[in-house]
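Residues per chain, in single letters:
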Amino acid sequence: RTIYTKILNSYPGMHDVRLVLANLLLRTGKTREAQQEFELLTRVLPAESVLAQPRIWQPLLDVRIAEQLARPVADRDWKSVNNLVSKLKELPAELLSDEDKTLLQARVLAQQGNVENALGMVLPLRQQQPDNPKHWFEWALLESKKSKPRELLEQLSAAPAAVLNDQRMLLIQGNQWAAIG
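Worth saying up front: this structure is predicted, and the values here are computed from it rather than measured. (Residues numbered from 1 in each chain as written. Predicted model: local features only at pLDDT ≥ 70, side-chain atom pairs only at ≥ 80, totals over all residues. Heavy atoms only, no water.)

## Concerning the overall build of the protein
Part 1: Scanning the protein from terminus to terminus reveals twelve helices and zero strands.
Part 2: Ordering the α and β elements of the protein from the N terminus gives α-α-α-α-α-α-α-α-α-α-α-α.
Part 3: Oriented by its inertia axes, the alpha-carbon framework of the protein measures out at about 60 × 40 × 35 Å.
Part 4: Counting all 181 residues of the protein, 38% fall into the buried class.
Part 5: Pairs at least 24 residues apart make up 43% of the contacts formed inside the protein by residues separated by at least 6 positions.
Part 6: Looking at the protein as shown, the accessible area adds up to about 10300 Å², and 52% of this sits on carbon and sulfur atoms.
Part 7: Put simply, the protein has 23 plus and 21 minus side-chain charges, and the middle of one group is 6 Å from the middle of the other. (Helix = DSSP H or I, 4+ residues; strand = E, 2+ residues; numbered from the N terminus. Buried < 20%, exposed > 50% of the residue type's maximum accessible area, 1.4 Å probe, protein only. Contact = heavy atoms within 4.5 Å. Areas by Shrake-Rupley, 256 points an atom, 1.4 Å probe, with all protein chains shown as cover. Lys, Arg positive; Asp, Glu negative; His and termini not counted. Charge placed at Lys NZ, Arg CZ, Asp CG, Glu CD.)

Structure (structure tokens):
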């Protein structure tokens, strides 16, 4: 960390170094410091550049969500999270597909405690592409927030075998079985 800080003190415009430092801080559990670095990037880089780079906006979104979840429910202010998601939803499909925009919005809604609306966004994707493990995984993550493990496993039994054998789905199923005991 020290070397990155020294470089940035000498060359504050080295944004790639700042991004490496922010991710290093994030990985070492220094979320607040990481957020400061990501937020600084949003102030010094053009908005289009930030939004075009998932390596910047994804961890930024994650730390903003974590910041809100760390607060008491009554003190949460999701404005910065919602503003970022709104900007991401405006991106052209070649930068962020409509499907990924929907999944992103659903994840944020779930974090904000609105699991039912999040499920309402993901379920149609799962129904439109029933062989897509990604959609089943996202749906199962959300459903696990409201269903009992055994109920979720029963619902998952309707998934095609190829979906159930996907690594993400095996993880979900394993977690549900572990919760049952």
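Let's pick the thread back up.
## Points about helix α3 (residues 31-44)
Part 1: Between the first and last C-alpha of α3 there are 20 Å, a value that for 14 residues agrees with the 20 Å anticipated at 1.5 Å per step.
Part 2: Among all positions of α3, only Ala34, Gln35, Glu37, Phe38, Glu39 and Leu41 are buried.
Part 3: The inward-facing, buried residues of α3 contact α2 (15-27), α4 (47-51) and α5 (54-69). (Expected span 1.5 Å × (residues − 1).)

## Considerations on the side chain of Arg64
Part 1: Tracing the backbone shows Arg64 in helix α5.
Part 2: A polar side-chain atom of Arg64 sits 2.7 Å from a polar atom in the side chain of Glu39.
Part 3: In contact with Arg64, other than residues within four places in its own chain, are Gln35, Glu39, Ser80, Val81 and Leu84. (Polar contact = N/O pair within 3.5 Å; in protein donor to acceptor, adjacent residues only side chain to side chain.)

## Side note on the pattern of salt bridges
Part 1: Going through the model one piece at a time under the given rule, you end up with eleven salt bridges.
Part 2: Among the ionic pairs, Lys146 bridges to Glu143, the shortest N-O distance being 3.9 Å.
Part 3: Connected through salt bridges with shared partners, the residues Glu99, Asp100 and Lys134 form a single ionic network. (Salt bridge = Lys/Arg side-chain N within 4 Å of Asp/Glu carboxyl O.)

## A short note on the environment of Glu67
Part 1: Counting through the fold element by element, Glu67 comes out in helix α5.
Part 2: Note: C-alpha distance between Glu67 and Trp78 (eleven residues apart in sequence) is 9.6 Å.

## What to know about the layout of surface pockets
Part 1: Its boundaries defined by the atoms lining it, the largest pocket holds a volume of some 220 Å³.
Part 2: Taken together, 13 residues line the largest pocket, and the ones lying closest to its centre are Ile65, Arg107, Val108, Gln111 and Glu138.
Part 3: The set of elements that each furnish at least two residues to the lining of the largest pocket consists of α5, α7 (98-111) and α9 (133-143).
Part 4: The greatest single-element share of the lining of the largest pocket, amounting to five residues, is contributed by α7.
Part 5: Of the residues in the lining of the largest pocket, the class split is seven nonpolar, two polar and four charged. (1 Å grid on protein atoms, 1.4 Å probe; cavity = no way out; pocket = protein on both sides within 12 Å on 5 of 7 lines; lining within 4 Å. Points joined across faces, edges and corners; volume = space filled by probe spheres on them. Nonpolar A, V, L, I, M, F, W, Y, C, P; charged D, E, K, R; others polar.)

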